[in-house]
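The residues making up each chain are set out below.
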Amino acid sequence: MRRTTEVEDLLRLHAPQVLGALVHRYGHFDPAEDAVQEALIAAARQWPGQGVPDNPRGWLIKVASRRLVDRLRSDAARRVREEEAAALTPRDAFTAPAPDASVPGGGRGPSEDDTLTLLFLCCHPDLAPAAQVALTLRAVGGLTTAEIARAHLVPEATMAQRISRAKRRIRGAPFVQPVPADRDRRLAAVLQVLYLIFNEGYTATSGRSLHRAGLAREAIRLTRAVRRLLPRDGAVTGLLALMLLTDARSAARTGPHGELIPLDEQDRTRWDRAAVAEGLALVEEALGEGPAGPYQVQAAIAALHDEAERAEDTDWPQILALYDVLVRIAPEPMAALSRAVAVAMVHGPRAGLAEVDALADRLAGHYRLDAVRAHLLERAGDTEGARAAYRSAAAKTLSLPEARYLYGRADRLGR
């Protein structure tokens, strides 16, 4: 099982790089994505038993390229594509490496730039913001349509249609880095996507593992790449700081059997202090780069958590003040739910519960609403209500570690 999980993480890491390489070389976004999926399936079948190739990305690019060329050549209904496929040549000097080739110097090779170009392509200005985010999560983040739908609180069928329309809309768009003015127009969508990719990596919405570490690392890597392009942009700097300060806690978030450990119970000596130090420096830099936006404010909140040596040292009044700012500039329901926790920590659990109840319509059916309500009911001494809310939350989440944690909290309260 462990080897299978490692292969899955590796495939998720390389998928956007392979897709970027194929779109760079051949164009044809939609069939390229299909070819990459076929290569990933082939790898998932072969690698656990036969071993991972020395250059897994090169292996995937070669297999996916063959599948794409075969698909284009055999598409009898589209004669133009058949003729184009017969004469396919790379658009520039980029050549897919052989399966066992290694990247000189241990670097990542040209597909690193391809992934960043793919990121900006998916955030094309011809697409509506919701479509930009959905397409990028699918192509760059490697999330399933169901995962993306859950992140946006919409039905899966709706999200599938949104992604399909987005692919059709950018068909034929050049695979190049946008010029600075165009890049700036796409930046908000790029940052939102990177934020969502990181969140899915840090706390997976489904499956057996709490983390998708490779996905979180990829989001951090791409955010660093964007920051190299825009080193003085406060939002980019703030997002990178937020990711680092949050990811620094990863080692302490799970116990020896993969069980979830909440923030106030974590062994803070296990936090990555180098990442915390870098994140704190970036927060200070981000807050000095113009008016604070949502990423800078969230990074400042994360900094207050990471600076506290013990949970009881946390500066909750300051965190609440920052959440007040956050929900004013970005009135998202999840931010308001986090603010409800801060309200409870400053003014008591009943005050927090009133804030949670006010969000019932906006977060109807989401397990986190029930989870926060359960936590606050427990703090307020309503054992029966807390137990019922914990079980309701556990039944709604698709994450097995979170479900086990929530059922465990309910059981701990007795019957």
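What you see is a predicted model; the values in this text were computed from it and never measured. (Residues numbered from 1 in each chain as written. Predicted model: local features only at pLDDT ≥ 70, side-chain atom pairs only at ≥ 80, totals over all residues. Heavy atoms only, no water.)

1. As for the overall build of the protein
Alright, step 1. Across its full length, the protein holds 19 helices and two strands.
Alright, step 2. The buried share of the protein, reckoned over its 415 residues, is 51%.
Alright, step 3. Considering only intrachain contacts with a sequence separation of at least 6, the fraction spanning at least 24 residues in the protein is 67%.
Alright, step 4. A total accessible area of about 19,200 Å² is found for the protein, and carbon and sulfur atoms account for 51% of it. (Helix = DSSP H or I, 4+ residues; strand = E, 2+ residues; numbered from the N terminus. Buried < 20%, exposed > 50% of the residue type's maximum accessible area, 1.4 Å probe, protein only. Contact = heavy atoms within 4.5 Å. Areas by Shrake-Rupley, 256 points an atom, 1.4 Å probe, with all protein chains shown as cover.)

2. Thoughts on the nonpolar core
Alright, step 1. Grouped together as the largest cluster of nonpolar side chains are 83 residues, with contacts concentrated most on Leu22, Phe29, Leu60 and Val226.
Alright, step 2. Broken down by element, the residue count for this core peaks at ten residues, all from helix α9 (residues 180-202).
Alright, step 3. If we skip the residues at most four places from it in the chain, leucine 22 touches Gly27, Ala32, Ala35, Val36, Ile61, Ala64, Ser65 and Leu68.
Alright, step 4. One finds Ala336, Leu376, Leu377 and Ala410 within the second-largest nonpolar core, a separate group that totals 22 residues. (Core = buried A, V, L, I, M, F, W, Y, C linked by side-chain atoms within 4.5 Å.)

3. Structural notes on the state of the cysteines
Alright, step 1. For the coordinates displayed, the defined rule picks out zero disulfides.
Alright, step 2. The closest cysteine sulfur to the non-disulfide-bonded cysteine 122 is located on cysteine 123, 6.7 Å from its own sulfur.
Alright, step 3. Taking relative accessible area as the criterion, cysteine 123 reaches 0% and is therefore assigned buried. (Disulfide = S-S within 2.5 Å.)

4. Regarding the packing of helix α15 (residues 333-347) against helix α16 (residues 349-358)
Alright, step 1. Between α15 and α16, whose axes approach to 6 Å, the crossing angle comes to 160°. One finds that α15 runs roughly antiparallel with respect to α16. Classified by chirality, the crossing of α16 by α15 is right-handed. Between α15 and α16, the contacting residues are Leu337, Arg339, Ala340, Val343, Ala344 and His347 on the first element and Pro349, Ala351, Gly352, Glu355 and Val356 on the second.
Alright, step 2. Among the residues forming the contact of α15 with α16, the class breakdown is seven nonpolar, two polar and two charged. (Axes fitted to C-alpha atoms, helices over the stretch in contact; angles between N-to-C directions. Parallel < 35°, antiparallel > 145°, perpendicular 65-115°, else oblique. Left-handed = near helix turned anticlockwise from the far one by under 90°. Nonpolar A, V, L, I, M, F, W, Y, C, P; charged D, E, K, R; others polar.)

5. A word on the environment of alanine 380
Alright, step 1. Positionally, alanine 380 belongs in helix α17 (residues 367-380).
Alright, step 2. It is 9.8 Å that separates the C-alpha atoms of alanine 380 and alanine 344, two residues lying 36 residues apart in sequence.
Alright, step 3. In this structure alanine 380 touches Pro349 and Arg350, once residues within four positions along its chain are discounted.

6. Details of helix α3 (residues 56-73)
Alright, step 1. If you check α3, its first and last C-alpha atoms are 26 Å apart, about what 18 residues at 1.5 Å a residue would give, namely 26 Å.
Alright, step 2. Among all positions in α3, only Pro56, Arg57, Gly58, Trp59, Leu60, Ile61, Val63, Ala64, Ser65, Leu68, Val69 and Leu72 are buried. (Expected span 1.5 Å × (residues − 1).)

7. So, the pattern of salt bridges
Alright, step 1. Evaluated as defined, the whole model comprises 19 salt bridges.
Alright, step 2. The salt bridge involving aspartate 357 is made with arginine 373; its shortest N-O contact spans 3.4 Å. Of the two residues, aspartate 357 is situated in helix α16 and arginine 373 in helix α17; the sequence distance between them amounts to 16 residues.
Alright, step 3. The shortest N-O distance in the salt bridge between arginine 409 and glutamate 378 comes to 3.1 Å. Residue arginine 409 is found in helix α19 (residues 400-412), and its partner glutamate 378 is found in helix α17; the two are separated by 31 residues along the sequence.
Alright, step 4. Using a relative accessible area of 23% as the deciding quantity, one classes glutamate 378 as partly exposed. (Salt bridge = Lys/Arg side-chain N within 4 Å of Asp/Glu carboxyl O.)

8. Considering the confidence of the model for the protein
Alright, step 1. Per-residue confidence for the protein averages 84 on the pLDDT scale, and 88% of its residues sit at or above 70.
Alright, step 2. Counting interchain partners and residues more than four positions distant, the pLDDT-below-50 stretch residues 89-111 has 42 contacts. (pLDDT = per-residue confidence, 0-100.)

9. Re the environment of glycine 408
Alright, step 1. As for its placement among the helices and strands, glycine 408 is situated in helix α19.
Alright, step 2. The exposure class of glycine 408 is partly exposed, given its relative accessible area of 34%.
Alright, step 3. Between the alpha carbons of glycine 408 and alanine 394 there is a distance of 9.5 Å; along the sequence they are 14 residues apart.

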